[in-house]
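Okay, here's what each chain looks like letter by letter:
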Amino acid sequence: MAVSEEWRQQWIEAVSKIRSNVSYEESAQQLRSLQQTGLLKLTDLKYNPGKFFEAHRLLARHAPNLGPGFWIRFTVHYNLFAGSVLAVGNEQQVKQLEEIQQKGFLGCFGLTEKLAGVNSGGVVNTIAEWDDQTQEFVITSPEVGAQKNWISQGLVGELAVVVADLRVAGKRCGAHAFLMELRDAKGPVPNVEFGDMGRKTVGNDLDNAWIAFHGARVPRHTLLSRYGDVQPGNGGTYVSKVKGLTNMAMIGQRLFSGRVAVAWAALTFTRKLFEMTRAYSDHKKCWIPKNSTLTEVPQLQHLYLRADETLKKLENFVGSCEKQLSDCLQKDEIPPMALQEAIASAKILASETSIDLCFRLKQDVGSHALMGDTGFEQMDFLQACKFAEGDSRILMQKLARDRVRISSPLGSSFLD
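Residues numbered from 1 in each chain as written. Predicted model: local features only at pLDDT ≥ 70, side-chain atom pairs only at ≥ 80, totals over all residues. Heavy atoms only, no water.

Novice: So what exactly am I meant to see when it comes to the overall build of the chain here?
Specialist: The helix and strand tally for the chain stands at 13 helices and 12 strands. In terms of overall dimensions, the chain is globule-like: its C-alpha atoms have a radius of gyration of 23 Å, near the 22 Å expected for 416 residues. For the chain, the spread of C-alpha atoms along the principal axes amounts to about 90 × 70 × 45 Å. Taken over 416 residues, the chain has a buried fraction of 53%. By sequence separation, contacts in the chain at least 24 residues apart represent 73% of the contacts at least 6 residues apart. As displayed, the chain has an accessible area near 19400 Å², and 53% of this comes from carbon and sulfur atoms. Once the 48 positive and 46 negative side-chain charges of the chain are each reduced to a mean point, those two points are 3 Å apart. (Helix = DSSP H or I, 4+ residues; strand = E, 2+ residues; numbered from the N terminus. Rg over C-alpha atoms; globule rule 2.2 N^0.38 Å. Buried < 20%, exposed > 50% of the residue type's maximum accessible area, 1.4 Å probe, protein only. Contact = heavy atoms within 4.5 Å. Areas by Shrake-Rupley, 256 points an atom, 1.4 Å probe, with all protein chains shown as cover. Lys, Arg positive; Asp, Glu negative; His and termini not counted. Charge placed at Lys NZ, Arg CZ, Asp CG, Glu CD.)

Here you go:
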């Protein structure tokens, strides 16, 4: 579905009001207000993915001024939190998103753990034990290493999608997601402990929390149960609803949409930083034989040309990935392996190339890069892109591993 120019201008106006020189509580309130405008629905990832990705791109254009805080807060809420409900929630649970949006509630995504971070490949040690007598799940962090870590929006969000290892009648059923309440009008819910990850180099308008569960009890209906559920009685029975599909596989779809969004964010940040710097260098007089502008210094002139050419190629590649993924999202299909690999490659290339180009720009533009409000002080936005939705190095290892697995053994053609 095409995005209208009217909507685009409304969204540009709405996000232009966002400020980053505020507390994380004030930043959260900005997101509450933004979602209550209804300009972007929590269900648009599935029903209007073009609008979902365009909203991310337009917001990322402000990143050289705002830093990464609000963009991360935004994508955690719309992609990781709401997107997970869309992916693995039943019909009733998906309908809850409308009420969540109307009330301005915020959500976070509890997957990453202290000993299972971006380098882990998706390990989950948090436990969700089914209590058949009370028909509740008991969520526990069995050790410090199993505490949720670097949970964006974890200190302010009313809700969370928490990923835990489901256990029913003593049997492990794998990682499943739970839509649970973290806070109500009185404060944090019982048996859930929160801590602040501390001050960061950038993005301090975003709260990042560690979360520990000490036997927190949640009702049966909190299990996002589109693909799997627990039948009460006789200790409980796990029921798989769709053969060949697991909750974790569908939760993983948020990594695909997130990787496309992160790729766009990195490229958009880089475009904007180069635009801002070019606007300065075009008018900065400097001494060279022709007494001209800084832009005409050979190394900077060459970098501008190279960056534009490189970014155009990557934008076309990421755009192709977005188009194909949008089709899968609307059809509720898992992307084919070739597309999964392309999306991972797009995320790696976009973030790593952006880091390289912006670093080179910083070296070539001189003392301007040391000044405040130039965008260079927010370059750690790209560092966040590097490890968001799967650390680039881990993704490269995964791509290499998968490629080796489908290859023929060395020398096999000579043995046929």
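Right, picking up where we left off after that structure.
Novice: What should I look at first to understand the nonpolar core in this one?
Specialist: A general feature of soluble globular proteins is that nonpolar side chains tend to end up buried together. In terms of nonpolar packing, the biggest core is built from 91 residues, with Trp 11 and Phe 74 touching the most fellow members. Once residues lying within four places of it in the same chain are set aside, the contact partners of Trp 11 are Leu 34, Leu 39, Leu 40, Ala 55, Leu 58 and Phe 74. Counting residues in hydrophobic clusters, the runner-up holds 25 residues, among them Cys 108, Met 180, Leu 182 and Ile 211. (Core = buried A, V, L, I, M, F, W, Y, C linked by side-chain atoms within 4.5 Å.)

Novice: Even after reading the chapter, I still don't get the packing of aromatic side chains, so can you show me in this structure?
Specialist: The description of an aromatic ring pair uses the distance of the two centres, along with the angle that the planes make with each other. Using the criterion set out here, one finds 9 aromatic pairs in the structure. With a centroid separation of 5.0 Å and 65 degrees between ring planes, the pair formed by Phe 137 and Phe 178 is classed as edge-to-face. Of this pair, Phe 137 sits in strand β3 (residues 136-140) while Phe 178 sits in strand β6 (residues 171-181); the two residues are 41 residues apart in sequence, bridging distant segments of the chain. Across this residue pair, the class does not change: Phe 137 and Phe 178 are buried. With a centroid separation of 5.2 Å and 5 degrees between ring planes, the pair formed by Phe 269 and Phe 381 is classed as stacked. Pair noted here: Phe 269 is in helix α9 (residues 253-281) and Phe 381 is in helix α12 (residues 380-387), with a separation of 112 residues, a long-range link. (Phe/Tyr/Trp six-rings, centres within 6.5 Å; stacked < 30°, edge-to-face > 60°.)

Novice: What's the story with the pattern of salt bridges in this structure? I'm lost.
Specialist: Side-chain pairs of opposite charge can arise whenever the charged atoms involved come near each other. On inspection of all chains with the given rule, the structure shows 29 salt bridges. Between Asp 282 and Arg 278 there is a salt bridge, with its nearest N and O atoms 2.7 Å apart. What makes Asp 282 partly exposed here is its relative accessible area of 33%. Across the pair Asp 402 and Arg 401 runs a salt bridge, and its minimum N-O distance is 3.2 Å. Residue Asp 402 is classed as buried on the basis of its relative accessible area, which comes to 12%. (Salt bridge = Lys/Arg side-chain N within 4 Å of Asp/Glu carboxyl O.)

Novice: I keep staring at unusual backbone geometry and nothing clicks. Help me out?
Specialist: Keep in mind that most residues, glycine aside, have a negative phi and that most peptide bonds are trans. Positive phi values are uncommon outside glycine, yet Trp 150 reaches one of about 55 degrees. Looking at the secondary structure, you find Trp 150 in strand β4 (residues 148-152). The class of Trp 150 is partly exposed, set by a relative accessible area of 43%. Although it is not a glycine, Asn 234 sits at a positive phi angle of roughly 55 degrees.

Novice: Looking at this model, I keep getting lost on helix α13 (residues 392-406). Mind explaining?
Specialist: Turn by turn, an α-helix covers 3.6 residues, leaving residues three or four places apart pointing in a common direction. In this model α13 runs 21 Å from its N-terminal to its C-terminal C-alpha over 15 residues, within 8% of the 21 Å that 1.5 Å per residue would give. Of the positions making up α13, those classed as buried are Ser 392, Leu 395, Leu 399 and Asp 402. Axial view of α13: buried residues confined to an arc of 90 degrees, hence all on one face. Turned more than 90 degrees off the buried face of α13, the exposed positions are Gln 397, Val 404 and Arg 405. Along its buried surface, α13 packs onto α9, α11 (337-364) and α12. (Expected span 1.5 Å × (residues − 1). Arc of directions from axis to C-beta.)

Novice: Help me understand the packing of helix α4 (residues 49-60) against helix α6 (residues 69-88) in this model?
Specialist: Angle between the axes and distance between the axes: these two values describe a pair of packed helices. Packing of α4 against α6 leaves a shortest axis separation of 10 Å and a crossing angle of 170 degrees. Classed by the angle they form, the pair α4 and α6 counts as roughly antiparallel. In this structure, α4 contributes Phe 52, Ala 55, His 56, Leu 59 and Ala 60 to the contact, and α6 contributes Phe 70, Trp 71, Phe 74, Thr 75, Tyr 78 and Asn 79. In terms of residue class, the contact of α4 with α6 is made up of 8 nonpolar, 3 polar and no charged. (Axes fitted to C-alpha atoms, helices over the stretch in contact; angles between N-to-C directions. Parallel < 35°, antiparallel > 145°, perpendicular 65-115°, else oblique. Nonpolar A, V, L, I, M, F, W, Y, C, P; charged D, E, K, R; others polar.)

Novice: Help me out: how do you make sense of the environment of Arg 8 in this one?
Specialist: Here Arg 8 is to be found in helix α1 (residues 5-15). Look at Arg 8 and you get partly exposed, because its relative accessible area is 28%. Arg 8 sits 207 residues away from Gly 215 along the chain, and the two C-alpha atoms are 46 Å apart. Beyond its immediate chain neighbours, meaning those up to four positions away, Arg 8 contacts Glu 54 and Leu 58. Within polar-contact distance, the side chain of Arg 8 engages the side chain of Glu 54 at 2.8 Å. (Polar contact = N/O pair within 3.5 Å; in protein donor to acceptor, adjacent residues only side chain to side chain.)

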